[in-house]
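Structural description and commentary
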Amino acid sequence: MAMFDCASDVLGYHDEKVTLAKPEQDEMRDRRGANRDRLKKGLEKAEKPAPKEFNSQGSYSMKTMTQDAAKDYDIDDGVYFEKDKLKGPRGGEMTALEARQMVRDALDDGSFKTPPKLHTNCVRVQYGAGYQVDVPVYRRVSTEEAGKESIHYELASSEWKRSDARDVTAWFDDENQKQSPDEVNGRQLRRITRLIKKFAKSRSSWKPQTLSGFGITILVVEQYRKSADREDSSVYDTMKAIRDRLNGSLVINNPVTPNEAVTNGTDDSKAKFFRDRLSDAIRWLEPLFESDCTQVKARKCWDDVYDTSYFSDLNPKKEKASSAGAEQVLTAGLVRDIATGAHVAVNKAGGGRYA
């Protein structure tokens, strides 16, 4: 049995409720810019090396961020230095910890309610509105062999380790181009990634328990089921493929860093939680495959998946004891057309109606 068609509803939900609105994009870009300026001024004031460059990373760079009512947004903005500029207090090579401490101290200009904090792979700046900016610190390493220069990058983690998150963005962009059946609206693979990330955090209680956005992105790219004409089928089929894949193994490997997993062991609790919630969603969508499924029922199923009333709100309004074309007086000066839900003005004196 074919799945009841809600393709346009799901695409509409993506465009209205999932993908980040331009004002929020602008606000985050401003936060990122202010953070960069603050870091450059702090380093200059402390007579520390100037950054060679900045590069946005993660979901912000991949354009897979999703709307969040609590504005729980995480922007990754890497800062890059030349290796030979990072000197310790005695002129030796700066350790990974010293590099992160240098960046933390430069960012801490006393204006934050919560001072910037050191994390293993970044310095985290927390804004009051819920935003946080993570600043991974990198050094650019130049080597020469047989007269030919080679460049690589190292992340200041528990120690310096070879890494460059820009590789992740390049990987995702490449997969999005290769796998998507379309070229519009960010392409379908990116939209499906956003829709499944949105589902994963559709309940506030799920957020701390579920898989990271990066882990979900890896799984979507790995198990993506494209459908040029059916956005809803692509979401369902990809969810099911990911659930089945996680039933086989909960281990998720980093696609650009060999021998590195983004999950914790073979029994990762967050991967397991995400898998179980996918099973819930697949079960909630089962009525869409019934022969007598209606649009009202189908939309209620999608509401259950995303914990919203968006889909049911698309249904035409109906009132008890009313028929199509009837009207209901709402206020002294308005009536509602029951069939369309539109409010129109009424001329009480003469019985005529004026739109």
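Residues numbered from 1 in each chain as written. Predicted model: local features only at pLDDT ≥ 70, side-chain atom pairs only at ≥ 80, totals over all residues. Heavy atoms only, no water.

The protein chain is annotated in an unreviewed UniProt entry as Cyclic GMP-AMP synthase of Caulifigura coniformis. Listed under Catalytic activity (unreviewed entry) in UniProt, the entry text for the protein chain is "GTP + ATP = 3',3'-cGAMP + 2 diphosphate". (UniProt positions renumbered as here; feature names shortened; annotations may be inferred.)

1. Notes on the pairing of strand β5 (residues 132-135)
Along β5, one buried face is formed by Gln-132 and Asp-134 and the opposite face, lined by Val-133 and Val-135, is buried too. Bridge count between strand β2 (residues 74-82) and β5: three bridges; the pairing is parallel. Following the sheet pairing, Asp-76 is matched in β5 by Asp-134. Note that strand β4 (residues 122-126) and β5 share four bridges and pair antiparallel. By the bridge assignment, Gln-126 is partnered in β5 with Gln-132. (Buried < 20%, exposed > 50% of the residue type's maximum accessible area, 1.4 Å probe, protein only. Helix = DSSP H or I, 4+ residues; strand = E, 2+ residues; numbered from the N terminus. Pairing = 2+ DSSP bridges.)

2. Here's the deal with unusual backbone geometry
Phi is positive for Glu-47, which is not a glycine, with a value near 55 degrees. Assignment of secondary structure puts Glu-47 in the loop between α2 (22-45) and β1 (53-57). What makes Glu-47 exposed here is its relative accessible area of 73%. A positive phi angle, close to 55 degrees, is found at Lys-71, a residue other than glycine. Within the secondary structure layout, Lys-71 lies in the loop between α3 (58-62) and β2.

3. Observations concerning the packing of helix α6 (residues 188-200) against helix α9 (residues 269-284)
One way to put it is that α6 packs onto α9 with a least axis distance of 10 Å and a crossing angle of 100 degrees. On the basis of their axis angle, the class for α6 and α9 is roughly perpendicular. On α9, the residues touching Ile-196, Phe-199 and Ala-200 of α6 are Phe-274, Arg-277, Leu-278, Ala-281 and Trp-284. Looking at the contact of α6 with α9, its residues break down into seven nonpolar, no polar and one charged. (Axes fitted to C-alpha atoms, helices over the stretch in contact; angles between N-to-C directions. Parallel < 35°, antiparallel > 145°, perpendicular 65-115°, else oblique. Contact = heavy atoms within 4.5 Å. Nonpolar A, V, L, I, M, F, W, Y, C, P; charged D, E, K, R; others polar.)

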